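Residue-level structural notes
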Protein chains: 2
Amino acid sequence: MSRWEPDARERLERAAVELFVEQGFAETTVPQIAERAGLTTRTYFRHFADKREALFGSEDELAPMIAGLMADAPASLSPFDAIAQALNTVASRLQPQYEFMVVRHRVVQADDGLRERELRKRAALAAEITKGFQVRGEDDLTSLVAASLATGIMGLSIERWLNGSGSESLPDLVRHALTAARGLLS
Amino acid sequence: MSRWEPDARERLERAAVELFVEQGFAETTVPQIAERAGLTTRTYFRHFADKREALFGSEDELAPMIAGLMADAPASLSPFDAIAQALNTVASRLQPQYEFMVVRHRVVQADDGLRERELRKRAALAAEITKGFQVRGEDDLTSLVAASLATGIMGLSIERWLNGSGSESLPDLVRHALTAARGLLS
């Protein structure tokens, strides 16, 4: 087995979700996940701190991505439009992972500890996005409020996407939620 | 000891927070809390399901209060103004509890399990507020987005209130955050 596994992280995530669905989260061990992915336990722990983290790999990547998108958005955009642009990019990135995300969501929702960790991750995400707005030169309060709006819109759109029939794409759902938010604020 | 203790709930909450600060959350037992409050363990469990819940009594009261405020707000108010009015009422209700809330916040932040439970409570709060907007006749998406905005604004304002010097009142902080939210569009 090569020390370099460019797609190791994704293979481990998929193996973990498969096993959690087949035999339950509590009953699954890290060695089983590694074996299913054709990798070693050691490789697993190079990518994830513990068994739960395999479920949160994509969310961990979201935080720096969104923060970067905020910081890089043209200064001429209003904070709201910067949010809209960043969320659209993230939504397009997530859209192809629909089936994986549905199953992952089911696993997370079925376990109290996992649901709580998901909520904590979202709080950490809001902190990252706040920093992104501060880098754009927004004052602290505007940055906090903008980050709260962005994570709120993203969170509820993902929820609708994963609980729906899949007929509406995530970018569309995000766009509709942003339109509703605009309506509320104006 | 009387079976009827009109302020039993509040006494138990204060006793719990005192003991958590003095000797730590893990080291405190329900019988100790009840004793400090001058009540029985049985009375404790009439009010709270477990040791953690003593910290979340006020949040549990917020959900039906805000949902009721939304549902009762004059139909002529825009959703945003209904949010502003409800949050102002809640903020004024919380303001006199500042010292208690600061200590409670410190206890919650120091414990992973408690922080996670707090985040879950806020998610449940958003669901209640969504219902409040639906009762007002808003469509489902607008209700979801409005609830997300309301809980976001309230959450970040409480955070600033409790982490600040106490010189700014919660109603003022909420008002400023609402103004910042409106300003995101420009």
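Residues numbered from 1 in each chain as written. Chains lettered and ligands numbered in written order. Predicted model: local features only at pLDDT ≥ 70, side-chain atom pairs only at ≥ 80, totals over all residues.

**Overview of the relation of the copies chain A and chain B**
Relative to chain B, chain A is turned by 180° and slid 0.0 Å along the rotation axis, the superposed coordinates differing by an RMSD of 0.5 Å. Such a combination of rotation and displacement between the chain copies is what one expects of a two-fold axis. A share of 92% of interface residues in chain A that are also interface residues in chain B marks the association as one of identical surfaces. (Least-squares fit on C-alpha atoms with pLDDT ≥ 70 in both. Contact = placed C-beta atoms within 7 Å.)

**Description of the environment of Asn163 of chain A**
Positionally, Asn163 of chain A belongs in helix α8 (residues 140-163). Separated by 20 residues in the primary sequence, Asn163 of chain A and Gly183 of chain A have C-alpha atoms spaced 24 Å apart. (Helix = DSSP H or I, 4+ residues; strand = E, 2+ residues; numbered from the N terminus.)

**Observations concerning the environment of Arg46 of chain A**
Residue and element names in this part refer to chain A. With respect to the element layout, Arg46 can be found in helix α3 (residues 41-47). When the 14 C-beta atoms within 10 Å are taken as the criterion, Arg46 is described as partly exposed. The spatial distance from the C-alpha of Arg46 to the C-alpha of Arg9 is 9.3 Å, given a sequence separation of 37 residues. (Buried ≥ 20, exposed ≤ 12 C-beta atoms within 10 Å, placed from the backbone.)

**With respect to the packing of α8 of chain A against helix α8 (residues 140-163) of chain B**
For the pair α8 of chain A and α8 of chain B, the least separation of the axes is 9 Å and the interaxial angle reads 140°. With respect to the hand of their crossing, α8 of chain A and α8 of chain B are arranged in right-handed fashion. Each of Leu144, Val145, Ser148, Leu149, Gly152, Ile153 and Leu156 of chain A in α8 of chain A lies in contact with α8 of chain B, whose residues at this interface are Leu144, Val145, Ser148, Leu149, Gly152 and Leu156 of chain B. Here the contact of α8 of chain A with α8 of chain B is built from residues that sort into 9 nonpolar, 4 polar and no charged. (Axes fitted to C-alpha atoms, helices over the stretch in contact; angles between N-to-C directions. Left-handed = near helix turned anticlockwise from the far one by under 90°. Nonpolar A, V, L, I, M, F, W, Y, C, P; charged D, E, K, R; others polar.)

**Details of the interface of chain A and chain B**
Of the residues lining the interface, 26 residues belong to chain A; the matching set on chain B comes to 25 residues. Secondary-structure elements contributing two or more residues to the side of chain A that touches chain B are α5 (79-94), α7 (112-135), α8 and α9 (170-185) of chain A. Broken down by element, the side of chain A that touches chain B gets its largest block of residues, 10 residues, from α8 of chain A.

**Things to note about the domain arrangement of chain A**
All names here are of chain A. With domains assigned, chain A is organised as domain 1 (8-53) and domain 2 (56-185). For domain 1 versus domain 2, the separation of C-alpha centres amounts to 26 Å. Of the residues lining the interface, 9 residues belong to domain 1; the matching set on domain 2 comes to 9 residues. Split by residue class, the side of domain 1 that touches domain 2 holds 4 nonpolar, no polar and 5 charged. (Domains from an automatic or database assignment.)

**Digging into the environment of Gln95 of chain B**
All names here are of chain B. When you line up the elements, Gln95 lands in the loop between α5 (79-94) and α6 (98-109). A count of 14 C-beta atoms within 10 Å places Gln95 in the partly exposed class. Distance from Gln95 to Leu184, taken between C-alpha atoms, is 27 Å for residues 89 residues apart in sequence. Those residues in contact with Gln95 that sit more than four places away from it in its chain are Ser169, Leu170 and Pro171.

**A look at the confidence of the model for chain A**
Across chain A, pLDDT averages 89, with 97% of residues at or above 70. Scored by ipTM, the complex comes to 0.81, with pTM at 0.83. (pLDDT = per-residue confidence, 0-100.)

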